[in-house]
Every structure is written in structure tokens, then in C-alpha cells.
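Descriptive analysis of the structure
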There are 2 protein chains.
Amino acid sequence: MDDDAAPRRVRADAERSTARILEAAEAVLAEDETAPLERIADAAGLARATVHRRFSSRTALLDALAAQLAQRYVQGLAEARVDSAPPVAAMLRMTETAFALKIAHRFAVQLSASMTPEVLDGLDRLFARLRDAGAITAPDPTWGRRVYLALLHEVNDLPADSPMLAGGSDEVAARAALLVTTVLQALGGLRPGEQEEGL
Amino acid sequence: MDDDAAPRRVRADAERSTARILEAAEAVLAEDETAPLERIADAAGLARATVHRRFSSRTALLDALAAQLAQRYVQGLAEARVDSAPPVAAMLRMTETAFALKIAHRFAVQLSASMTPEVLDGLDRLFARLRDAGAITAPDPTWGRRVYLALLHEVNDLPADSPMLAGGSDEVAARAALLVTTVLQALGGLRPGEQEEGL
DNA sequence: TCGATGTGCAACTCTGGTGTCGCAGTTACA
DNA sequence: TGTAACTGCGACACCAGAGTTGCACATCGA
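These figures come from a predicted structure and were not determined experimentally. (Residues numbered from 1 in each chain as written. Chains lettered and ligands numbered in written order. Predicted model: local features only at pLDDT ≥ 70, side-chain atom pairs only at ≥ 80, totals over all residues. Heavy atoms only, no water.)

Contacts to DNA strand C come from 26 residues, most closely from R11 and R58 of chain A together with R11, S17 and T50 of chain B. For DNA strand C, the fraction of protein-proximal atoms (within 4 Å) that sit in sugar or phosphate groups is 59%. One of the backbone nitrogen or oxygen atoms of G45 of chain B is found 3.5 Å away from a phosphate oxygen of DNA strand C. Take R53 of chain B: an N or O atom from its side chain is 2.9 Å from a base oxygen of DNA strand C. Counting residues per element, the surface near DNA strand C draws most heavily on helix 3 (residues 48-54) of chain B, which supplies five residues. Residues belonging to the surface near DNA strand C are distributed by class as follows: eight nonpolar, five polar and 13 charged. (Near = heavy atom within 4 Å. Polar contact = N/O pair within 3.5 Å; in protein donor to acceptor, adjacent residues only side chain to side chain. Helix = DSSP H or I, 4+ residues; strand = E, 2+ residues; numbered from the N terminus. Nonpolar A, V, L, I, M, F, W, Y, C, P; charged D, E, K, R; others polar.)

Here's what the structure looks like:
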């Protein structure tokens, strides 16, 4: 995007500023999505003008946040081996990273631009594999993906003391297990009480 | 809210204006939630100043939209007899009205203020009854309600030509059936392939 | 019919946020 | 060590939208 032909070197501290701005933006906007740039600049310990130097406009900053998150999604999909690992295991692994991203990117997560076609396709392939493996019966991968994302959000919002999370010592694992179980059941794959291996 | 002690009669055409504004606001804001009041006034065929006469501020207008919807939710819950009818049947009926409201109040639906405690309580009672009747196994009504609302949203967004909606002649009924089936399964109540009566 | 109420119009103020600029001082880095 | 890059600061123009006002005209309703 910024790779001009101009021989304009980018200094290391400038890149650090960029990173600090993105970090601060995520933190501030998570609290108030309409927060002015000045608040972000303050949080980053920089002058507002500097924010404008790194990001030509507010929307450019938001785009950068979305792009950053999209990249981590893609990375997570790859690490979970959604295209090769046993699908339920891949789903479980992907879910844990998804929760981590939801926490670290509470704001960016709600930018539609962070759900790039690449990410959506990856999830659709996962649900197609789940279906082919017999783990679910719902035929349409897109529907599976929608249910998954919607419930991902709900499980993430669930208070830590919810009775639905009881049992697990590790809270993140408990959430992931609840989500996977619920989604598989919702898509007609798991009978109530039945345990998929690894849950 | 507006019932002052002042003996200030409210003329019939003024109430009509109020209604037109609410209607126009819903329509305009559904397209663009940040649309200026002027656009709403235009859509209502009124001057912007008149909007300000009926609603002292923008937020007052939004509150009115939310209150209006909340009332219809409550009405829907009552009509579905969530506290007395067989729970699955009540759920099905409530779902159909919920879809209708989602369409007619595309914007207001996303105002958190429209989900009053009264509405939430009603849904929680429904899920408690579903559990007591054995229709689901998930113990926590709040969790049931969350899953329901999240999937309500997804099913509503599902394109009309989705394979998941095939079969029914009536599209709304098909959506309601998909939602109820999915939620009951998700909450561990319905085995895949099994049919609840009336679906 | 008459008075109270509602409305259109056309201003105006006010607020808050965006984006730009120049300049002086600081920091990286070759 | 010198130069290019970066930053802070403070000012500025700009703009969109909210909310207000006064006045002439219309409309309701008892």
C-alpha cells in the first residue's frame, strides 16, 4: 500500500509509533468506538498530528486495525491446520485462538473489514470438512460458519461465573469446549451428553 | 414520560407527526444509522425544526424508538403465552413475531435499550420452562436466551435462497422452524433428525 | 368562529471533531 | 558527525450536525 518508488527510508522509531498508535487505538476504541483521534493520540503518548502523519485519515487507521486482525485470523487458521488436521480438533484449536483475538482485539473484531474473504473461506472449508467427516449434518458450510461466529460472540460475552462454564480449571478451555459442543449440536452432529474426543 | 401536570392538550395532528417521525426514523436509520436528523425530517415530510419540537434531542428520538419496540416485544411475549402455553409452541409463536419485528424495526432492534429487563425476563422464563419440560438440557435459562437471540439474528440475515431454508412454502415459517430446531439442538434437547411436533 | 396549538422557513449559534501547516527541537542511522 | 527523518506544539481553516429562535401561516377543535 505504501511501497512507493520514492527512496524514502522509514525510520525504526516511526514504525514503533505506528505500532503504538494501533495498540492505543484498539484499547481506546474498545471502550468507546467513537472516541476522537486525540484520545488515541494521548493513550499512545503522541501528539494528534503524529497520528495523522502515520495514518492519513481516521478511516485509514481503522482499515489498518482491520487488516492487522485479518492477518492474525489467517495465521490462526493456518496454525489450526483447518485444511489438514482432523476437523473437530482443528475447530477446537481455532476456537481457542479466536477467543484470544476477541480479547486482544475487542474493537477490531467488530469491523466487518476484518472478516476478509480469505478468512470466511477458511472457515467454510472447515465446516465442509466437518460435514464430510460426519461431525455435523447441516449441509451448508456457510450456515455452519454463521452459527459458529454468532455463538463465538455469545460465549465470549458469557460472564466468567456462568453455570455453563463450570467444571474446567482453565477458563478459556471451558469456553472453547462449550462453544464447540454447542455448535456441533446446533448443526445436528452431536447427541446431548455425547462427548467428542478431546472435550 | 411526557405526562406533565400541565394542562397542555396535545393536538391530534401533532401525534400523527410524532408517529410519522418514528416511522421515518426507523426507515432512514435502518439504511444509515448515523443519518442526520434532517434526512429523517425529509423522509417524514416535515421540517427539521419540527422533529426537534417533538423530540428534544436525537437521543430522545432513539429512546422513543427503543421504547416502542420494547413494548411490541412484551406484547409478542404475551400473545405467544410464554408463561402458559406448551413451551415449544410458545417459542415457535414468539419466533414468528420476532422475525416480523426484526423486519419492521430493522434499526431499533439493534438498540440495546429495546431489550428491557421485562423482555429479557420473559425470555428467561420461557427457557426455564423449556428446561423443566425436558425440551432442552442446558440448565441456565440466560444461556438459552443468549443463544436464541444470537441465532435469531443469524437466521434473519440468511439469504432467502439458502439451502437451509428449502422445503417450506412459507418463508417465515421455514426460518422459524430452522431457528427453533437449531436452538433446541444447540441446547441439547433435540436429536438430529428428530421432529418436534409442529415443525 | 376564535384561540390555542402546530408547522414551515430561514436564519443563527455552538460544539466537537478532522485534517493541515510551519517551525523549532530531537532522534535515528549511514 | 551531519543529514534526513521524526516529533511536539500550537495554530488554523473547515465542516457537519445539533439545537434554538422568531415570525408568518395553517390547522385543529371546543
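Quick look at the relation of the copies chain B and chain A now. Mapping one chain copy onto the other needs a rotation about an axis and a shift along that axis. Laying chain B over chain A is done by rotating through 180 degrees and shifting 0.0 Å along the axis; what remains is an RMSD of 0.1 Å. Taken together, the rotation and translation relating the two chain copies correspond to the operation of a two-fold axis. Closest approach to the rotation axis within chain B is made by the C-alpha atom of A186 of chain B, at a distance of 2.0 Å. Looking at the interface residues of chain B, 100% of them are also at the interface in chain A, so both copies use one shared face. (Least-squares fit on C-alpha atoms with pLDDT ≥ 70 in both. Contact = heavy atoms within 4.5 Å.)

The next point concerns the domain arrangement of chain A. By convention, interface size is frequently given as the accessible area that disappears when the constituent parts associate. All names here are of chain A. As far as domains go, chain A holds domain 1 (11-55) and domain 2 (66-186). For domain 1 versus domain 2, the separation of C-alpha centres amounts to 29 Å. At the junction of the two partners, domain 1 supplies six residues and domain 2 supplies seven residues. For the interface between domain 1 and domain 2, the tally reads one salt bridge. At the boundary of domain 1 and domain 2, one finds four residue pairs in polar contact (both at pLDDT 80 or more). Of the residues that constitute the side of domain 1 that touches domain 2, the class distribution is three nonpolar, no polar and three charged. (Domains from an automatic or database assignment. Salt bridge = Lys/Arg side-chain N within 4 Å of Asp/Glu carboxyl O.)

On to the side chain of T182 of chain A, then. Structurally, T182 of chain A can be placed in helix 8 (residues 171-186). Residue T182 of chain A is classed as buried on the basis of its relative accessible area of 2%. Side-chain polar atoms of T182 of chain A contact the backbone oxygen of L178 of chain A, separated by 2.7 Å. Ignoring anything within four residues of it in the chain, the contact list for T182 of chain A reads L151 of chain A together with W143 and A186 of chain B. (Buried < 20%, exposed > 50% of the residue type's maximum accessible area, 1.4 Å probe, protein only.)

It is worth spelling out the protein's contact with DNA strand D at this point. With respect to spatial proximity, 25 residues lie near DNA strand D, and among them R11, S17 and T50 of chain A together with R48 and R58 of chain B are the closest. Sugar plus phosphate, as a fraction of atoms of DNA strand D within 4 Å of the protein: 58%. At 2.4 Å from a phosphate oxygen of DNA strand D is found a side-chain nitrogen or oxygen belonging to S17 of chain A. In this structure, R48 of chain B approaches DNA strand D through a side-chain N or O atom, which is 2.7 Å from a base oxygen. Every element with two or more residues in the surface near DNA strand D is listed here: helix 1 (12-31) and helix 3 (48-54) of chain A together with helix 1 (12-31) and helix 3 of chain B. With five residues, the single largest contributor to the surface near DNA strand D is helix 3 of chain A. When the residues that make up the surface near DNA strand D are grouped by side-chain class, the tally is nine nonpolar, five polar and 11 charged.

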